[in-house]
Amino acid sequence: MTRFELVRGNIVEQDVDAIVNAANSSLLGGGGVDGAIHEAAGPELLAACELLDGCETGAAKITPGFQLKARYVIHAVGPGYYSEPRHAELLASAYRRSLELATAHGITSIAFPAISTGIYGYPLDEAAPIAVGTVSAYVREHPAIELVRFVVWSADAEQRYQDALNNLH
Ligand code: AR6
């Protein structure tokens, strides 16, 4: 059975097979999680992203992790909460498509940030149950994924995720 962990911390420091980036559709970098990951991974990450031809909202693409502890970065593009009327569907899709890439690459441990809840404005109380529910449904069907770690930045986010995890049982 897949193990779930919830930690407050920095996504770039996670020692897992893959960390997920909260990217935008250009895949060419930005602020928040994206900026931190590019800074820690080094310039080769941007060079690798430049070859990917962008990524649609709700989808994901994969690169090596370069100087990160994680072997891979999965670049997921979440929706803007206010700019995208189908935000709930697209947020779930970003998590699912990330996990599909993980499965395809034999990844058994993966760390997610709270996609879309920063610059993209998605309220944490709505995003946390979508993140936890979508991931939980996926790993029930794909038990080869041994560890999913949700990495959050704030105490408030931690509480929202804890509530969502408690509601799973
Ligand atoms: N580790 C873990 N969580 C973090 C970190 C970190 N180092 N830094 C921020 N957070 P955001 P988005 C939290 O804005 O909303 C970029 O410019 C943060 O508190 O990184 O999907 C991209 O290029 C928040 O809860 O991602 C896109 O243009 C969550 O991570 C756009 O921002 C996500 O915040 C994507 O916006």
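As the structure is a prediction and not an experimental result, all values here were calculated from the model. (Residues numbered from 1 in each chain as written. Predicted model: local features only at pLDDT ≥ 70, side-chain atom pairs only at ≥ 80, totals over all residues. Heavy atoms only, no water.)

A. Representation of the packing of aromatic side chains in the model. Per the stated rule, a full pass over the model turns up six aromatic pairs. Pairing Phe-4 with Phe-150 gives two aromatic rings, centres 6.1 Å apart and planes at 5 degrees, and the pair type is stacked. In this pair, Phe-4 is assigned in strand 1 (residues 3–8) and Phe-150 in strand 6 (residues 147–152), connecting sequence segments 146 residues apart. By relative accessible area, which is 0% here, Phe-150 ends up buried. Residues Phe-150 and Tyr-161 carry aromatic rings whose centres are separated by 5.3 Å and whose planes lie at 45 degrees to one another, so their mutual orientation is tilted. Pair noted here: Phe-150 is in strand 6 and Tyr-161 is in helix 5 (residues 155–166), with a separation of 11 residues, a long-range link. Using a relative accessible area of 0% as the deciding quantity, one classes Tyr-161 as buried. Cluster of aromatic residues (ring-pair linked, three or more members): Phe-4, Tyr-95, Phe-112, Phe-150 and Tyr-161. (Phe/Tyr/Trp six-rings, centres within 6.5 Å; stacked < 30°, edge-to-face > 60°. Helix = DSSP H or I, 4+ residues; strand = E, 2+ residues; numbered from the N terminus. Buried < 20%, exposed > 50% of the residue type's maximum accessible area, 1.4 Å probe, protein only.)

B. Just the nonpolar core, in detail. Counting 39 residues, the largest nonpolar core has Ile-74, Ile-110, Phe-112, Phe-150 and Tyr-161 as the members making the most contacts within it. Looking at this core, the elements with two or more residues in it are strand 2 (18–23), strand 3 (60–64), strand 4 (72–77), helix 3 (87–104), strand 5 (109–112), helix 4 (124–141), strand 6 and helix 5. Apart from residues lying up to four places away in sequence, Tyr-161 is in contact with Leu-6, Tyr-95, Pro-113, Ala-114, Leu-124, Ala-128, Ala-131, Val-132, Phe-150 and Val-152. Core analysis: the next-biggest nonpolar cluster, separate from the first, contains 19 residues, Ala-23, Leu-27, Ile-37 and Ala-111 among them. (Core = buried A, V, L, I, M, F, W, Y, C linked by side-chain atoms within 4.5 Å. Contact = heavy atoms within 4.5 Å.)

C. Structural context of the packing of helix 4 against helix 5. In contact at an axis separation of 9 Å, helix 4 and helix 5 are set at 45 degrees when each is read in the N-to-C sense. One way to sum up the angle between helix 4 and helix 5 is to call them oblique. Between helix 4 and helix 5 the crossing geometry is right-handed. For the pair formed by helix 4 and helix 5, the contact residues are Leu-124, Asp-125, Ala-128, Pro-129, Ala-131 and Val-132 on the first element and Asp-156, Ala-157, Arg-160, Tyr-161, Ala-164 and Leu-165 on the second. Here the residues of the contact of helix 4 with helix 5 are counted per class, giving nine nonpolar, no polar and three charged. (Axes fitted to C-alpha atoms, helices over the stretch in contact; angles between N-to-C directions. Parallel < 35°, antiparallel > 145°, perpendicular 65-115°, else oblique. Left-handed = near helix turned anticlockwise from the far one by under 90°. Nonpolar A, V, L, I, M, F, W, Y, C, P; charged D, E, K, R; others polar.)

D. Looking closely at the pairing of strand 6. Counting buried positions along strand 6 yields six of six residues, so the element is predominantly enclosed. Both faces of strand 6 are covered, namely the face carrying Leu-147, Arg-149 and Val-151 and the face carrying Val-148, Phe-150 and Val-152. Taken together, the six bridges between strand 1 and strand 6 define a ladder with parallel strand orientation. Following the sheet pairing, Arg-3 is matched in strand 6 by Leu-147. (Pairing = 2+ DSSP bridges.)

E. Main features of unusual backbone geometry. Even without being glycine, Leu-27 reaches a positive phi, approximately 55 degrees. You can call Leu-27 buried: its relative accessible area is 2%. Phi is positive for Ser-116, close to 75 degrees, though the residue is something other than glycine. In this fold, Ser-116 is placed in the loop between strand 5 and helix 4.

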